[in-house]
Amino acid sequence: MAQKLDPWKSSEISDYSKLFEEFGISPFSDVLDEIPCPHKYMRRGLIFGHRGYEKITDAMKRRQPFVVLDGFMPTGKAHFGHKMVMDQIVWYQQQGAVAVVGMADREAHAVRELTWEECKRIGVEEYIISLIALGLQPENARLYFQSECQPVKDLAFEIGTKVNFSDMAAIYGFSGETHLAHMISVLTQGADILHSQLSVYEGPVPVVVPVGADQDPHIRLTRDVASKMNMFLIERRADQKTGLPYWSVRGKGAPEGALKTIEQNIRGVFGGGVGGGGGGTGSGVGGAGVLTKLSKEHLDIFGDISENELEEIVKNAELAHGGYAFIMPASTYHRFMSGLTGGKMSSSIPDSNIALSEDPKSAVKKIMKAKTGGCESAEEQRKNGGDFDKCSVYELYFFHLADDDEELLQIRVDCSSGNILCGECKKKAAGKMEAFLIDHQKKREEAYDKLPLFGIDYRRK
Ligand code: TRP
Ligand code: SF4
């Protein structure tokens, strides 16, 4: 059965590899080697897929500006699933990205019916405070609440001109019963993802959105909308007669003269060349062997010009003519941790997860009760070893508690050889967890004083 990704139901994904074929997500392993020093989530395959990530590796390698953008729905306690996202945001900021993080209070209000006051408190005290405690720096960071960000709300409305009810129904299964505010929250998430490219903010620079696979429907919708909102479409084509490849820039209702601007700019960059027909159509030859052919709806470009060079020229022309010039937002997808009780991690099953603000002693208890891949008896386990692949405690090490790959490998070896038994192994994990939480919660306390540095005006409740 084809699986459906639903952002509002914590559906378990049984087979991540299916997402490649069914939804056209690309394997992250394709781009891994291009990342200067990959995060442990990347090295370990926890981040398994992406869309359009090449733009990000490119920006990182060339040290060009880029943005990491994310959103959190402020509905309850931030837990270790959220920590995965926060760790990535902090990491990208350390790699030179501007971090833009929205609190999705519109979504929480519309879908989970929280009051605006609750959204604010939870957004700051659970999510923003932990994000700062995990290392987010005030320089190159912008935090906001959807409900307080006028450009986001305006852009959401504008996005609404490109999405109709049939799209919504097809992507999310929305029906006549679905509240309009729920739909608006979807448009708002699209606006979250695209707004950093507005000229009042970071402008059109590459954006990466690290999310769990359940958020992919939003990413697909937003990428689709972004290309609809842009004035130009760049396509690689082959000449019908010669089979030679060329670029075609199509103006989709672009204002008159916009294509002409692009042609002029290409000639500007690639040497003077010979001008084409003055009447708006015709062809010209650039100095570096670039030939352009302009017609009413499109501009064809033959010769030695790279996609990046062309994109840059088209972007500038689009901006000059009042367009958005959105760069397709990139995304990555990570796996979900399973719950400590086995099965899925869910905030409705308290023992299945640990909150970042949880009492360390209670966290220790949860780990000591957790489901492992151990055997019935100690004797049997010494003989046959444990099954770390089915163990929620091993997952804790894998995702969070063992930064060092060597250390992780040692745990695997000790487990599968029966060298270590679950009791001892859990105790070790619990000890690490306790130490982490004590330290994190100390940093959380300190983070309150840093809120003004992030432009957040908040009095603690
Ligand atoms: N819908 C996301 C969630 O439930 C939150 C979110 C809102 C978001 N805006 C976003 C995620 C923009 C990524 C990018 O967790
Ligand atoms: Fe899990 Fe550790 Fe037991 Fe292995 S020994 S099954 S990793 S708790």
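Scroll up a little and you will see the structure.
Here we summarise the structure given alongside this text.

Cut-offs and rules
- Residues numbered from 1 in each chain as written.
- Chains lettered and ligands numbered in written order.
- Predicted model: local features only at pLDDT ≥ 70, side-chain atom pairs only at ≥ 80, totals over all residues.
- Heavy atoms only, no water.
- Core = buried A, V, L, I, M, F, W, Y, C linked by side-chain atoms within 4.5 Å.
- Buried < 20%, exposed > 50% of the residue type's maximum accessible area, 1.4 Å probe, protein only.
- Contact = heavy atoms within 4.5 Å.
- Helix = DSSP H or I, 4+ residues; strand = E, 2+ residues; numbered from the N terminus.
- Arc of directions from axis to C-beta.
- Axes fitted to C-alpha atoms, helices over the stretch in contact; angles between N-to-C directions.
- Left-handed = near helix turned anticlockwise from the far one by under 90°.
- Nonpolar A, V, L, I, M, F, W, Y, C, P; charged D, E, K, R; others polar.
- Near = heavy atom within 4 Å.
- Polar contact = N/O pair within 3.5 Å; in protein donor to acceptor, adjacent residues only side chain to side chain.
- Areas by Shrake-Rupley, 256 points an atom, 1.4 Å probe, with all protein chains shown as cover.
- Pairing = 2+ DSSP bridges.
- Salt bridge = Lys/Arg side-chain N within 4 Å of Asp/Glu carboxyl O.

So, the nonpolar core
Soluble, globular proteins show a tendency: their nonpolar side chains are buried together.
And step 1. Counting residues in hydrophobic clusters, the biggest one holds 79 residues, and the most contacted among them are Tyr53, Ile89, Tyr92, Ile128, Tyr397, Met433 and Leu451.
And step 2. Ignoring anything within four residues of it in the chain, the contact list for Ile128 reads Met103, Gly123, Leu143, Phe145, Leu451 and Ile456.
And step 3. Counting residues in hydrophobic clusters, the runner-up holds 43 residues, among them Trp8, Val67, Ala213 and Ile219.

Side note on helix α4 (residues 54-62)
And step 1. Among the residues making up α4, those that are buried are Ile56, Thr57, Ala59 and Met60. Each buried residue of α4 sits inside an arc of 160° when the element is viewed along its axis, so together they form one side.
And step 2. Summarising the contacts, the buried residues of α4 are in contact with α2 (29-32), α5 (80-94), β6 (207-212) and β12 (330-334).
And step 3. A positive backbone phi angle near 55° is found at Arg63, which sits one or two residues after α4.

Quick word on the packing of helix α8 (residues 150-159) against helix α10 (residues 180-195)
And step 1. Two numbers describe how α8 lies on α10: the axes approach to 8 Å, and their chain directions differ by 115°. Handedness of the α8/α10 crossing: right-handed. The segment α8 lies against α10, with Val152, Leu155, Ala156 and Ile159 engaging Leu187, Thr188, Gly190, Ala191, Asp192, Leu194 and His195.
And step 2. Split by residue class, the contact of α8 with α10 holds seven nonpolar, three polar and one charged.

Examining the site of ligand 1
And step 1. Close to ligand 1 lie Asp70, Gly71, Met73, Ala104, Glu107, Gln189, Asp192, Ile193, Val209, Val211 and Gln215, which account for all nearby residues.
And step 2. Within the side chain of Asp192, a nitrogen or oxygen atom sits 2.7 Å from a nitrogen atom of ligand 1.
And step 3. One of the side-chain nitrogen or oxygen atoms of Gln215 is found 3.0 Å away from a nitrogen atom of ligand 1.
And step 4. Relative to its free-state accessible area of 360 Å², ligand 1 is covered by the protein chains to the extent of 89%.
And step 5. Going through the elements one at a time, β3 (67-72), α10 and β6 are the ones with two or more residues in the shell around ligand 1.
And step 6. When grouped by side-chain class, the residues that make up the shell around ligand 1 number five nonpolar, three polar and three charged.

What about the pairing of strand β2 (residues 47-51)?
And step 1. Of all five residues in β2, five are buried, a share of seventy percent or more.
And step 2. Across two bridges, the pairing between strand β1 (residues 26-27) and β2 is antiparallel. Its bridge partner lying in β2, Ser26 is registered against His50.
And step 3. As judged from the four bridges shared by β2 and β12, these two strands associate in the antiparallel manner. Paired with Gly49 across the bridge in β12 is Tyr333.

Observations regarding the side chain of Asp216
And step 1. Among the structural elements, Asp216 can be located in helix α11 (residues 216-229).
And step 2. Residue class for Asp216 comes out buried when judged on its relative accessible area of 0%.
And step 3. A polar side-chain atom of Asp216 sits 2.8 Å from a polar atom in the side chain of Arg51.
And step 4. Here the side chain of Asp216 touches Tyr333 through a polar contact of 2.4 Å, side chain to side chain.

Topic: the pattern of salt bridges
And step 1. Counting across every chain of the model gives 26 salt bridges.
And step 2. Among the salt bridges present, the one from Lys228 reaches Asp224, with a minimum N-O distance of 3.4 Å. Highlighted residues: Lys228 and Asp224, both in helix α11, separated by four residues, approximately one helical turn.
And step 3. The class of Lys228 is partly exposed, set by a relative accessible area of 38%.
And step 4. What makes Asp224 partly exposed here is its relative accessible area of 37%.

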